[in-house]
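Structure assessment
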Amino acid sequence: MLDRLKALHAQALDELSKVDSLRELELWRVCHLGKKSTLTRILRSLATLPAEERPGMGTRANEIKRALESSLTEKEESLQRASLASPLESQRLDVTLPGRPFATGRLHPTTKILDEICDVFRNMGFQTIEGPEVEWDYYNFEALNIPQHHPARDMFATLWIDTGIGGKARLLRTHTSPMQIRFMERERPPVRIIAPGRVYRYEATDATHESIYHNVEGLAVDKNITMADLKGVLFQFCRCLFGEDRKVRFRCDYFPFVEPGVEVAIGCSVCDGVGCRLCGYSGWIEALGAGMVHPDVLARVGIEPEVYTGFAFGVGVERMSMLRYGVDDIRLFYGNDLRFLEQF
Ligand code: PHE
């Protein structure tokens, strides 16, 4: 009987060593320690043994039972530890691995310089307004002293949307100057506004000409505004954008809606005045058209030219950007080439 107990113990331990899941362990428990197990049956049958054998067998059988129970607990713990450890092992994170960089978007160079230009004027007290890109002939031309058949229309190679009669034809605005009229029609002086926006020209493109680009229009109307105010504002603007040292040149120019009219040019940043493709080998880049608002324009919107005067200007935004960053081809701005855009 004792030998049988010994063999039972050995077999149970042997089987236990092969158990490698909690489910198998439960089967093992039922088999070796359960109600119907051999060991339990032996323990139950102790009463039927002769009295002198009973204590020895009882002690031994109970020892084996306790030994098996503690082996069971031990195995259970080790299996639980293993089941916890394996996902920890397989899902291990190497926190020292460098992160994967992800591509972030950025502002387009034109957006950046537009923001900067608007900031400079905002600091000088100009309010920002916006208006339509599809414009009436009236605002783009007629109200600006450019009636039908006026030769100055040739200055603005126009993309027409339809042909209405008189001022009722629609077009893609060729400049932001129509915003002068739109604003003065509804507001009285003092006026101090800038109007940034996209403009269109029907034009063959080259390094300095593009059919879509941006303007920032400026307008100030009040009593006693003079050419000196215009020059002061534009000098200050050029200084803010390009620094104190950049050369700025004012020359006479003609725009039908101003009198007198000027052209403002800035020393070329690519060749530093020596002459290159960007500046057409002149050393200067035309950056702005400007002038004193024509009295007829004021009168047309009901502002008395005897009482009020004003100045206006139009900044070519991409030109500014080219000067600022030394870009030598305006077509890059709408080319969508990431190699270019990622430099900003
Ligand atoms: N609108 C003109 C252009 O695009 C520039 C300009 C604006 C000139 C305001 C004078 C006054 O060429």
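Residues numbered from 1 in each chain as written. Predicted model: local features only at pLDDT ≥ 70, side-chain atom pairs only at ≥ 80, totals over all residues. Heavy atoms only, no water.

Some points on the site of the ligand
- Neighbouring the ligand are 14 residues, the closest being His175, Ser177, Arg201, Gly289 and Gly314.
- Within the side chain of serine 177, a nitrogen or oxygen atom sits 2.9 Å from a nitrogen atom of the ligand.
- At a separation of 3.4 Å, an oxygen atom of the ligand approaches a polar side-chain atom of arginine 201.
- In isolation the ligand offers 320 Å² of accessible surface; the protein chains occlude 90% of this area.
- Those elements giving two or more residues to the shell around the ligand turn out to be β6 (212-222), β9 (284-293) and β10 (309-316). (Near = heavy atom within 4 Å. Polar contact = N/O pair within 3.5 Å; in protein donor to acceptor, adjacent residues only side chain to side chain. Areas by Shrake-Rupley, 256 points an atom, 1.4 Å probe, with all protein chains shown as cover. Helix = DSSP H or I, 4+ residues; strand = E, 2+ residues; numbered from the N terminus.)

Some details on the state of the cysteines
- Summed over all chains, the structure comprises zero disulfides.
- Here cysteine 238 is not cross-linked by a disulfide; its sulfur's nearest cysteine counterpart is in cysteine 240, at 9.4 Å.
- With relative accessibility at 2%, the residue cysteine 238 sits in the buried group. (Disulfide = S-S within 2.5 Å. Buried < 20%, exposed > 50% of the residue type's maximum accessible area, 1.4 Å probe, protein only.)

Focus on the pattern of salt bridges
- Going through the model one piece at a time under the given rule, you end up with 14 salt bridges.
- Its salt-bridge partner being glutamate 26, residue arginine 29 comes within 3.0 Å of it at the nearest N-O pair. Of this pair, arginine 29 and glutamate 26 both sit in helix α2 (residues 22-33), three residues apart, roughly one helical turn.
- Taking the relative accessible area as the measure of exposure, arginine 29 reaches 31% and is therefore partly exposed.
- Since its relative accessible area comes to 39%, glutamate 26 is described here as partly exposed.
- Between arginine 249 and glutamate 263 there is a salt bridge, and its shortest N-O distance comes to 3.6 Å. Pair noted here: arginine 249 is in strand β7 (residues 248-253) and glutamate 263 is in strand β8 (residues 258-267), with a separation of 14 residues, a long-range link. (Salt bridge = Lys/Arg side-chain N within 4 Å of Asp/Glu carboxyl O.)

Examining the side chain of asparagine 140
- Considering the arrangement of structural elements, one finds asparagine 140 in helix α6 (residues 137-140).
- We classify asparagine 140 as buried; its relative accessible area is 0%.
- Setting aside anything within four residues of it in sequence, one finds asparagine 140 in contact with Glu135, Leu171, Arg173, Thr174, His175 and Pro178. (Contact = heavy atoms within 4.5 Å.)

Things to note about the pairing of β10
- For β10, a buried count of seven out of eight residues is recorded, marking the element as mostly surrounded by other parts of the structure.
- The pairing of β6 with β10 spans eight bridges and is antiparallel. Bridge pairing in β10 places valine 216 opposite valine 315.
- Two strands pair when backbone bridges link them, and β9 and β10 are joined in this way by five bridges, in the antiparallel orientation. Residue pairing across strands places alanine 290 opposite phenylalanine 313, the latter belonging to β10. (Pairing = 2+ DSSP bridges.)

Side note on the sheet that holds β9
- Pairing in this open sheet of seven strands is mixed, and the strands run β1-β5-β6-β10-β9-β8-β7 from one edge to the other. Bordering the open sheet on either side are β1 (127-128) and β7, each of which pairs with just one other strand.
- Across the face of the sheet, helix α10 (residues 317-325) comes into contact with β6, β8, β9 and β10 while running at roughly 60° to β10. (Axes fitted to C-alpha atoms, helices over the stretch in contact; angles between N-to-C directions.)

Describing the environment of glycine 273
- Looking at the element boundaries, glycine 273 is found in the loop between β8 and β9.
- For the pair glycine 273 and glycine 34, spaced 239 residues apart in sequence, the C-alpha to C-alpha distance is 101 Å.
- In contact with glycine 273, other than residues within four places in its own chain, are Cys268 and Gly283.

Brief notes about the domain arrangement of the chain
- The assigned domain composition of the chain is domain 1 (2-88) and domain 2 (109-341).
- On a C-alpha basis, the centroid separation for the pair domain 1 and domain 2 is 96 Å. (Domains from an automatic or database assignment.)

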